[in-house]
Structures are given as C-alpha cells and as structure tokens.
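What follows is each chain in one-letter form.
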Amino acid sequence: FAAVCSGGRVVAWGSADYGGLGPEDLHDVTQIQASARAFAALTRNGHVVAWGDASCGGDTGPVARQLYDVVAIASAPRAFCPL
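The structure contained in this document is the topic of the report that follows. (Residues numbered from 1 in each chain as written. Predicted model: local features only at pLDDT ≥ 70, side-chain atom pairs only at ≥ 80, totals over all residues. Heavy atoms only, no water.)

A few points about unusual backbone geometry
Working step 1: The backbone phi angle of D28 is positive, close to 60°, even though this residue is not glycine.
Working step 2: Structurally, D28 can be placed in the loop between β2 (10-12) and β3 (29-34).
Working step 3: Non-glycine residue D69 carries a positive phi angle of around 60°.
Working step 4: As for its position among the elements, D69 is in the loop between β5 (48-52) and β6 (73-76).
Working step 5: Looking at D69, the relative accessible area reads 60%, which means it is exposed. (Helix = DSSP H or I, 4+ residues; strand = E, 2+ residues; numbered from the N terminus. Buried < 20%, exposed > 50% of the residue type's maximum accessible area, 1.4 Å probe, protein only.)

Right, dumping it as structure tokens:
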C-alpha cells in the first residue's frame, strides 16, 4: 500500500516484493498509481519515480532520463504509462 500525505510525502507499507518499501526521500508527490506489484509516483516537477517489482513497472532506470515534464500517470496490471 502507499499513500500521499500532506506536503507530498509518500508512505508505503506491506511486502517489499510488492512495492511496500517505497523510497524514503520521496517528496513533492502529486499522484501515485499502483500496478500488480509496483508503484509509480509523479512529482510536482514532472518526474516519475517507481519502485517494487521491475516486471510490473517498478524500475524506471532504462528510461529515467526521458521521464520529465510528465503531467499524469496511468497504470495497468504490469506497467505504467506516463502521460
């Protein structure tokens, strides 16, 4: 599970295999989406951060440099789509 708190701080809990341990330094988040085993967060400055099972979208490493000026995130069971 994950929640966006006031000020854009994220709290995640549950099994680490399913994204339950989110990044501790994540802040200024405006949106969170969940897939089957991962989470993606959109920050106020338009960047996307993901964590959890890489096979379900939890690793943005290969495209991280391209994920800027994003305005929203959509999710599917095994992936995320930046909009």
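Describing the side chain of S35
Working step 1: Along the polypeptide, S35 turns up in the loop between β3 and β4 (38-43).
Working step 2: The class of S35 is buried, set by a relative accessible area of 12%.
Working step 3: Within the structure, the side chain of S35 is placed 2.7 Å from the backbone oxygen of C56, a separation counted as a polar contact.
Working step 4: With residues up to four places along the chain from it excluded, the contact list for S35 reads C56, A76, P77, R78, A79 and F80. (Polar contact = N/O pair within 3.5 Å; in protein donor to acceptor, adjacent residues only side chain to side chain. Contact = heavy atoms within 4.5 Å.)

Describing the pattern of salt bridges
Working step 1: Per the counting criterion, the structure on display carries two salt bridges.
Working step 2: In this structure, the salt-bridge partner of R44 is D28, at a minimum N-O distance of 3.9 Å. Taken as a pair, R44 in the loop between β4 and β5 and D28 in the loop between β2 and β3 lie far apart in primary sequence, 16 residues in all.
Working step 3: Judged by relative accessible area, which is 33%, D28 ranks as partly exposed.
Working step 4: One salt bridge connects R37 with D53, and the closest N-O pair in it is separated by 3.6 Å. Here R37, found in the loop between β3 and β4, pairs with D53, found in the loop between β5 and β6; they are 16 residues apart in sequence, far enough to count as distant. (Salt bridge = Lys/Arg side-chain N within 4 Å of Asp/Glu carboxyl O.)

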